[in-house]
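Listed here are the chains, written in short residue letters.
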Amino acid sequence: MNDCGDADRRFRLYGTKFLISAQDMDRAVAFYRDVIGLDVKAASPGWSELSFGTSIVALHGGGTGRFRRTGLSFTVDDIEGACDEVVLGGGSVRSGPEDRGEEGIFLAELTDTEGNGFMMSQEKQ
């Protein structure tokens, strides 16, 4: 729990959820479970939640399958291997991995099986 150090706050922040759409919920859950490595907290045709620590990726049914940027990003230890796994799992690599110079990372832009664009980064050693 986080009370942000403010005794006058009326609520407590417990965590974050990142919502993206899924055209095929079973396929989307399998991608984020088997390829990305998230844990399934709940799965149904219209709403599913997968987690890593306290972070949650929530999948909402009704997606169109068309590409859309999401802002979702994962940090990995082997970006080349992760990109290969995404492709093997039905996703695609849109760009990279690219050395981002002074940012201190390698960055790849990818797409999941549902058309959601996301990023992966790896810190430079």
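Notes on the structure in this doc start here. (Residues numbered from 1 in each chain as written. Predicted model: local features only at pLDDT ≥ 70, side-chain atom pairs only at ≥ 80, totals over all residues. Heavy atoms only, no water.)

## A few points about the sheet that holds strand β3 (residues 47-52)
Point 1. Pairing is mixed in the open sheet, where four strands are placed in the order β1-β4-β3-β2. Every interior strand has two partners, whereas the edge strands, β1 (16-22) and β2 (39-43), have only one. Between one strand and the next, the sheet's axes are offset by a mean angle of 20 degrees, whatever the strand orientation.
Point 2. Pairing geometry for β2 and β3, over four bridges, is antiparallel. Its bridge partner lying in β3, Asp39 is registered against Ser51. (Pairing = 2+ DSSP bridges. Helix = DSSP H or I, 4+ residues; strand = E, 2+ residues; numbered from the N terminus. Axes fitted to C-alpha atoms, helices over the stretch in contact; angles between N-to-C directions.)

## Describing the packing of aromatic side chains
Each aromatic ring pair is characterised by the separation of its centres together with the angle its planes make.
Point 1. Inspection of the entire model under this criterion finds five aromatic pairs.
Point 2. Residues Phe31 and Phe118 carry aromatic rings whose centres are separated by 6.3 Å and whose planes lie at 70 degrees to one another, so their mutual orientation is edge-to-face. Taken together, the positions of Phe31 in helix α1 (residues 25-36) and Phe118 in strand β8 (residues 116-123) put the pair 87 residues apart, joining distant regions of the chain.
Point 3. On the basis of relative accessible area, Phe118 is assigned to the buried category, the value being 1%.
Point 4. An aromatic cluster is defined as three or more aromatic residues linked by ring pairs; in this entry it consists of Phe31, Tyr32, Phe74 and Phe118. (Phe/Tyr/Trp six-rings, centres within 6.5 Å; stacked < 30°, edge-to-face > 60°. Buried < 20%, exposed > 50% of the residue type's maximum accessible area, 1.4 Å probe, protein only.)

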